[in-house]
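Spelled out, the chains give:
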Amino acid sequence: MAKQTTAREAWLEKLQKLIKAVKQWADELGWATREIEKKMEDPEIGDYQAPALLLQRETVRLLLEPIAREAPNTDGVVDLCLMPSYDDIASLYYYDDRWNVHYFHGENGLLDDKAKPLSKATLRKVFDQMMAHAG
């Protein structure tokens, strides 16, 4: 049971730090934000509530949503989706001791194979592309 709690606490801490950073950057970039909770199920660490973040600027609404604590070659997956359609804009993967942004672009929604470390500048680029293509 202690291992479950430790793994859950580590994952939730990682998510909370991510949400805090994205919220701060989004606020600085003129996006309104609201933190929410998402019900999660994980056979190894049990059911829990994870932090998520709603973002809005003008009529564009996004959701930063935790997806999985573990996946191949990563220690966490979080998606950034256009609302209300849930179209993926970007996925954030935790590896190399940081969050890395893989974003979708182009008419056919190809995943950019060159991940970028999460930063305010990277987030601004993704937000700007979203604003340009929203509608």
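Numbers given for residues are sequential positions, taken from 1 along each chain in its written order. In view of the model being predicted, local features appear only for residues whose pLDDT reaches at least 70, and side-chain atom pairs are presented and counted only at 80 or more, with totals across whole chains, interfaces and linings using the full set of residues. For the side-chain quantities, the full set of heavy atoms in the structure was used; hydrogens and water were omitted.

**Q** I'm lost on the packing of aromatic side chains in this one. Help?
**A** Any aromatic ring pair is given by two values, namely how distant the centres are and how the planes are angled relative to each other. Aromatic contacts are taken between Phe, Tyr and Trp rings whose centres are within 6.5 Å, Trp giving its six-membered ring; a plane angle under 30 degrees counts as stacked, one over 60 as edge-to-face, and the others as tilted. If you walk through the whole model with that rule in mind, you get three aromatic pairs. With centroids separated by 6.4 Å and ring planes inclined at 50°, the aromatic side chains of Trp-11 and Trp-99 adopt a geometry described as tilted. Taken together, the positions of Trp-11 in helix H1 (residues 2-28) and Trp-99 in strand E6 (residues 98-105) put the pair 88 residues apart, joining distant regions of the chain. Grouping residues by exposure puts Trp-11 and Trp-99 together as buried. Centre to centre, the rings of Trp-31 and Phe-127 are 4.6 Å apart; their planes meet at 40°, and the pair counts as tilted. Of this pair, Trp-31 sits in the loop between H1 and strand E1 (32-40) while Phe-127 sits in helix H2 (residues 120-133), placing them 96 residues apart in sequence. In this structure, Trp-31 and Phe-127 share a single accessibility class: buried. Here Lys-14 stacks its cationic end above the ring of Tyr-94, 4.2 Å away from the centre of that ring. In this description a helix means any DSSP run of H or I spanning at least four residues, a strand means any run of E spanning at least two, and both kinds are numbered starting from the N terminus. We call a residue buried when its accessible area falls under 20% of the maximum for its residue type, exposed when it is over 50%, and partly exposed in between, using a 1.4 Å probe and counting protein chains only. When the NZ atom of lysine or the CZ atom of arginine is within 6 Å of a ring's centre and also within 35 degrees of its normal, the charge is said to sit over that ring.

**Q** Any chance you could explain unusual backbone geometry here in plain terms?
**A** Residues other than glycine predominantly adopt negative phi, and peptide bonds predominantly adopt the trans conformation. In this model, Met-83 is joined to Pro-84 through a cis peptide bond whose omega is 5°. Along the chain, Pro-84 falls in the loop between strand E4 (77-83) and strand E5 (87-95). A positive phi angle, near 65°, is found at Asn-73, a position not held by glycine. In this fold, Asn-73 is placed in the loop between strand E3 (60-68) and E4. On the accessibility criterion, Asn-73 (74% relative accessible area) is exposed. Notably, Asp-96 is not glycine yet its phi reads approximately 55°, a positive angle. Here Asp-96 shows up in the loop between E5 and E6.

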